[in-house]
Amino acid sequence: MTGTVTHDPPPGTGGLQGGPLIVTEDAELLDDLLRLCAAAGATPEVHHGVPERRGTWEAAPLVLVGDDAARRVRGAARRRGVVLVGRDQDDSGVWRRAVEIGADHVLVLPDGEQWLVDRIADVAEGAGRPALTVGVIGGRGGAGASTLSCALAVTAAREGLRTLLVDADPLGGGLDVLLGGETAEGLRWPAFAASRGRVGGGALEESLPELHSLRVLSWDRGDCVAVPAQAVRAVLAAARRRGGAVVVDLPRRVDEGVAEALAQIDVGLLVVPAELRAVAAATRVASAVGMVLRDLRVAVRGPYAPGLDDHEVAKLLGLPLVGEVPVESGLRRPGEGRTPPGGNARGPLARFCTAFWERALIEAGAA
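Basis of the calculations
Residues numbered from 1 in each chain as written. Predicted model: local features only at pLDDT ≥ 70, side-chain atom pairs only at ≥ 80, totals over all residues. Heavy atoms only, no water. Helix = DSSP H or I, 4+ residues; strand = E, 2+ residues; numbered from the N terminus. Buried < 20%, exposed > 50% of the residue type's maximum accessible area, 1.4 Å probe, protein only. Contact = heavy atoms within 4.5 Å. Axes fitted to C-alpha atoms, helices over the stretch in contact; angles between N-to-C directions. Parallel < 35°, antiparallel > 145°, perpendicular 65-115°, else oblique. Left-handed = near helix turned anticlockwise from the far one by under 90°. Nonpolar A, V, L, I, M, F, W, Y, C, P; charged D, E, K, R; others polar. Phe/Tyr/Trp six-rings, centres within 6.5 Å; stacked < 30°, edge-to-face > 60°. Pairing = 2+ DSSP bridges.

Mapped onto the elements, Val267 comes out in strand S12 (residues 267–273). With a relative accessible area of 5%, Val267 lands in the buried category. Sequence separation between Val267 and Leu293 is 26 residues; the distance between their C-alpha atoms is 7.9 Å. Excluding residues that lie within four positions of it along the chain, Val267 makes contacts with Thr133, Val134, Gly135, Asp295, Arg297 and Phe356.

Okay, the packing of helix H8 (residues 229–241) against helix H9 (residues 256–263) next. Interaxial distance between H8 and H9 falls to 8 Å at its minimum, and their mutual angle equals 25°. One way to sum up the angle between H8 and H9 is to call them roughly parallel. Classified by chirality, the crossing of H9 by H8 is right-handed. Every residue of H9 that contacts H8 at Ala229, Val232, Arg233 and Leu236 is listed here: Glu256, Gly257, Glu260 and Ala261. Looking at side-chain class alone, the contact of H8 with H9 contains 4 nonpolar, 1 polar and 3 charged residues.

In this section: the packing of aromatic side chains. As enumerated under the stated definition, the model contains 2 aromatic pairs in all. A ring pair is formed by Trp189 and Trp219, whose centres lie 5.9 Å apart and whose planes are at 35°; its orientation type is tilted. With a gap of 30 residues between them, Trp189 in the loop between helix H6 (175–178) and helix H7 (201–207) and Trp219 in the loop between strand S10 (214–217) and H8 connect regions that are remote in the sequence. Taking the relative accessible area as the measure of exposure, Trp189 reaches 2% and is therefore buried. The class for Trp219 is buried, based on a relative accessible area of 5%. When the centroid spacing of 5.5 Å and the interplanar angle of 65° are considered together, the rings of Phe356 and Trp357 count as edge-to-face. Residue Phe356 is classed as buried on the basis of its relative accessible area, which comes to 1%.

As for its position among the elements, Glu260 is in helix H9. Overall, Glu260 belongs to the buried group, its relative accessible area being 19%. If near-sequence neighbours (up to four positions away) are discounted, Glu260 is found in contact with Ala229, Val232 and Arg233.

Turning our attention to the sheet that holds strand S13 (residues 296–301). Pairing within the open sheet is mixed, and its 8 strands lie in the order S9-S10-S8-S11-S7-S12-S13-S14. Each edge of the open sheet carries a strand with a single partner, namely strand S9 (210–211) and strand S14 (321–325). When S13 meets S14, the two strands line up parallel, connected through 4 bridges. In the strand pairing of S14, Val298 is matched with Leu321. Strands strand S7 (132–138), strand S8 (163–167), S10, strand S11 (245–250), S12 and S14 of the sheet are contacted by helix H5 (residues 145–158), whose axis makes an angle of about 170° with S11. Of the strands in this sheet, S7, S12 and S13 touch helix H10 (residues 276–289), which is tilted by about 160° from S12.

Limitation: the analysis is restricted to geometry and does not speak to function.
Below, the structure written as structure tokens:
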């Protein structure tokens, strides 16, 4: 059991890393809390009461106060990020004691163990604002969604954002190939197929190939063409906790795994060539995707069929228009050493992506 007591949950630590502060004299409770810290990959500092060392109480990213120690910390400075931890689910007085010490949450073990592991892991990783996550999907086959996904990721990395590019389309040929990194060392999707629960964001980032100053999660050349939905959920949640930008290249079908990805996407871009058949196909894609993703926008690619322009395509689809995706020559082809999509900072595709990120970050309040 967990519950919120007095005010909003504590914000992210804004980059502060470290383990929690534990305050308790209950040996059994301490054993449980140490076990949960170990599961979250954090090393705590343990005290029987308010630490005597100046600033320790205030500076800890998270404070876990055993119910036995509530009276001893009653006079401590009020701060956010305090959790009162107990064992007796029938003790109604725990809520009163939580208010007295200014706790954000009341947690009763063992029911609240998973919540607490996640919270400890967040502060150990320095979790702050989640990554702005953008999904890109083609309105029809060959629309250029993968090219735009790579360009958005390359541009975000060049702008100094921690960036992860996720290939969610196992039949797309591999974004690592499009970026010229099919032989780069690092894990691919099949290595995460057994992932459940929580994946460490830092460990995920370090395990992936690094190409053009960004991390890429793509597919290997094996027979695996799907991973369980739980693994997709765990991996994308870990990527988002690292902050910065996450770009997801999506297939046009919506299965359980894709639905999990869509649920964690902030903004979706539907790439639609400006031709009537493409608009008709994109209408069906938008209908399926829109059942999960609320913020879906259209990016139009020329050349234009007679009577169509980018505004007309958006109007036919009933979606907000992001703009026209420019065509750029000289992009990398598999096996060639050319500039990757978005790699030319002065090119039209990079300028389009830069303008998109500027708007999207302002809308998200991250600029």
